[in-house]
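# Topology and contacts: notes
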Amino acid sequence: MTDQDLEMRLRAWYRKEIDDREVAPLPLRADLAVLVERGTKSRGPRTSVWRHRRWGRFALALAGAAAVVTLSGIGLLALPPSVGPSFPVATPEPTVTPKPTLEARGVWIATGPMAGTRTAHTATMLSDGRVLVTGGISGFGQSLASAELYDPSRGTWTETGAMHEKRSGHRAALLSDGRVLVVGGVVGNTPVASAELYDPVSGSWTTAAKMAGPRRGHTATALRDGRILVVGGIPLQGTAELFDPATGSWSSTSEWLTSSRAYHTATLLADGRVLVAGGAGPRSPSSSELYDPVTGTWTATGAMTQRRVEHTATMLRDGRVLVAGNGDPALATTEVYDPRGGTWTQSGPMTEVRVGHTATLLPDGTVLIAGGSDPAIAAERYDPDSGTWTPTASMNAPRSGHTATLLSDGTVLVAAGVSATAERFDLDGGR
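Residues numbered from 1 in each chain as written. Predicted model: local features only at pLDDT ≥ 70, side-chain atom pairs only at ≥ 80, totals over all residues. Heavy atoms only, no water.

## Structural notes on the overall build of the protein chain
Each helix and strand in the protein chain was counted, giving 3 helices and 30 strands. Put simply, the protein chain has 431 residues, and 48% of those count as buried. Taking all contacts inside the protein chain whose residues are at least 6 apart in sequence as the whole, residues at least 24 apart take part in 47%. (Helix = DSSP H or I, 4+ residues; strand = E, 2+ residues; numbered from the N terminus. Buried < 20%, exposed > 50% of the residue type's maximum accessible area, 1.4 Å probe, protein only. Contact = heavy atoms within 4.5 Å.)

## Side note on the pattern of salt bridges
On inspection of all chains with the given rule, the structure shows 17 salt bridges. Note that Glu-289 and Arg-261 form a salt bridge whose closest N and O atoms lie 2.8 Å from each other. Here the residue Glu-289 occupies a position in strand β18 (residues 288-292), and Arg-261 occupies one in the loop between β15 (249-252) and β16 (265-268), the gap between them amounting to 28 residues. In this structure, Glu-289 and Arg-261 share a single accessibility class: buried. The partner of Glu-335 in a salt bridge is Arg-308, and the shortest N-O contact between them spans 2.9 Å. Remark: Arg-308 occurs in the loop between β19 (297-301) and β20 (312-315) and Glu-335 occurs in strand β22 (residues 334-338); sequence separation between them is 27 residues. (Salt bridge = Lys/Arg side-chain N within 4 Å of Asp/Glu carboxyl O.)

## Points about the packing of aromatic side chains
In total, this model carries 7 aromatic pairs according to the counting rule given. Here the aromatic rings of Tyr-198 and Trp-205 are separated by 5.0 Å at their centres, their planes lie at 50°, and the arrangement is tilted. Geometrically, the ring pair formed by Phe-243 and Trp-250 is tilted, given 5.1 Å between the ring centres and 55° between the ring planes. Comparing Phe-243 with Trp-250, the two get one shared label, buried. (Phe/Tyr/Trp six-rings, centres within 6.5 Å; stacked < 30°, edge-to-face > 60°.)

## So, the environment of Gly-319
Among the secondary structure elements, Gly-319 is positioned in the loop between β20 and β21 (321-324). You can call Gly-319 buried: its relative accessible area is 11%.

## Thoughts on the environment of Pro-363
Along the chain, Pro-363 falls in the loop between β24 (358-361) and β25 (367-370). Taking the C-alpha atoms as reference points, Pro-363 and Leu-427, 64 residues apart in sequence, are found 9.0 Å from one another. Apart from residues no more than four positions distant in its own chain, Pro-363 is found in contact with Arg-317, Leu-406 and Gly-410.

## Here's the deal with the sheet that holds strand β10 (residues 195-199)
Two orientations exist for strands paired in a sheet by backbone hydrogen bonds: parallel and antiparallel. In spatial order, the strands read β6-β7-β10-β11; together these 4 strands make up an open sheet with antiparallel pairing. The two strands at the open ends of the sheet, each matched to only one other strand, are β6 (171-174) and β11 (204-208). Between one strand axis and the next, the sheet turns by 25° as a mean value, whatever way the strands run. Of the pairings in the sheet, the one linking β10 to β11 comprises 5 bridges and is antiparallel in character. Of the residues in β11, the one forming a bridge with Ala-195 is Ala-208. (Pairing = 2+ DSSP bridges. Axes fitted to C-alpha atoms, helices over the stretch in contact; angles between N-to-C directions.)

Geometric values such as these leave the question of function open.
Take a look at the structure:
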């Protein structure tokens, strides 16, 4: 802090002291101490605060007054009215009981190390409870073809067969027969149309039919009938197509989307429809629409209260959908979609602005938000009943572009994201 900064702060405090009759706050008392030390040691130019006599006398007087008021205020120095300071000690404000919030619970537990650093990868829980992590971007900025498996029973990572094609920013979906479909993404900066299937029994990959065109920033959602709905993405923002595991083929939906979209969200609702919200596009940042797999049609629904891209969407236990965060700029705001009326309502803001975060529905009905924008180690929980957020303990490593997977035991596996580590969130740990 420069002498000029200190002088400005002292001037401001002096005016407040005279006008409001309040005791100097602790930070300014510390500044006075620093100023005294500078005045003792200074050999700087004559423009220094302490090279001016009137400011030296002024600061020393303030320091003395602050010391007297502080000591008398805390009872260490009892002064009669004739000796004490000419202004009274401020009376503390009445204590206000804070509104009850969600209990801060949960601990983070480190797991075994991963094979390497990854961001923009996928994580899919298999039918046997293991988690498959695929592709992504390495610490050297290269797209990866490698894959690895996490075993919750042992807390260890094991490399499995590599994909046929390097990819990052792709999407993955679990099929009803236990295989995993990986689709689209980029190699470097080039979007790809390719898809492949992972067999957890053999640990190997098989090339699948290609989509109608390359996609990045798309979504892939498993429908109740077993098909996979792929929506939007660059450069096919206004289109969607379906993968049928029974035939291994792709087909376009009967209609185009009501708005072009990329880096949006797609959420399977309780009634089997899919809510697609926000994303980059001419009209899409705040709009949303519904896909009906029975009729194969798209219908516009209520618009969000603000523009969102690279946000998260989580279906709550009561069927509503919580949307949180935003990219460019990162936001702390949240809102909830009610499918019964097709409306959006603002909810309580997160404690941090976030983009590149994850959102996971926990067994108790709350939602865990982890990582993202600075501070990237922060995590918090959302209570749907009160619409409030409560911080949890911080993660062991900063994470952005990571994945979060709810395991069968109710813990959440958070993997990679500018890190070669992983950890689990245990809601009831330490209790």
